[in-house]
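Coordinate analysis (summary)
One-letter residues, chain by chain:
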Amino acid sequence: MSEEFKIEIVNPEKSFLVKEDVLEVVVPAFEGEMGILKDHISIISFLKPGIIKVFSKSGDENYYVEDGIIEFKNNNLSILTSTIFSVTDLDKSKQGDLLKKAEAEASKSEISDQAKYLADQKVEVLRSIN
């Protein structure tokens, strides 16, 4: 029995990642970190800022996302996101830029609780990437 399923991550510019040999994906869903394995029930969920962890036969990869929607059905995981970076490729200056932007966002006085929560999440996640 194969334990593999397929992931496709799409951002507005292009198809960002397609992999067929995925064993598990952990996503930063609003409800908390959610692990998805083959034959998981169908779901649609929103992502909050965090790290998507992709575990596959060809190696493990981590991606920083700021938002998105995931859908899992028939052993296909689709992730749509406007902002995604490979943690491996995220150089210090890019990470610094994203962090500055998030910190500025978080410190605005005219900001909704939801926006503040998301900005704080970004700051926390970006600071945790070493």
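The paragraphs below set out a description of the structure included in this document. (Residues numbered from 1 in each chain as written. Predicted model: local features only at pLDDT ≥ 70, side-chain atom pairs only at ≥ 80, totals over all residues. Heavy atoms only, no water.)

**Considering helix 1 (residues 92–106)**
Here helix 1 spans 20 Å end to end across 15 residues, near enough to the 21 Å set by a 1.5 Å rise per residue. Of the surrounding elements, those touching the buried residues of helix 1 are strand 6 (59–65), strand 9 (84–86) and helix 2 (113–128). (Helix = DSSP H or I, 4+ residues; strand = E, 2+ residues; numbered from the N terminus. Expected span 1.5 Å × (residues − 1). Contact = heavy atoms within 4.5 Å.)

**A short note on the side chain of Lys122**
Relative to the helices and strands, Lys122 is located in helix 2. Take Lys122: its relative accessible area is 11%, and that puts it in the buried class. Residues contacting Lys122, with those up to four places away along its chain left out, are Pro49, Tyr64, Glu66, Ala102 and Glu105. (Buried < 20%, exposed > 50% of the residue type's maximum accessible area, 1.4 Å probe, protein only.)

**Regarding the packing of aromatic side chains**
For any pair of aromatic rings, the description rests on two quantities: the centre-to-centre distance and the angle between the ring planes. Tallied over the full model, the rule gives 2 aromatic pairs. Between the aromatic rings of Phe5 and Phe72, the centroid separation amounts to 5.4 Å while the plane-to-plane angle is 85°, which identifies the pairing as edge-to-face. On the criterion of sequence distance, the pair formed by Phe5 in strand 1 (residues 5–11) and Phe72 in strand 7 (residues 68–73) is long-range, its members being 67 residues apart. Like Phe72, Phe5 is buried. On the numbers, 5.5 Å between centres and 80° between planes, the contact of Phe16 with Tyr63 is edge-to-face. With Phe16 in strand 2 (residues 14–29) and Tyr63 in strand 6, this pair connects stretches of sequence that are 47 residues apart. Given a relative accessible area of 25%, Phe16 falls into the partly exposed group. (Phe/Tyr/Trp six-rings, centres within 6.5 Å; stacked < 30°, edge-to-face > 60°.)

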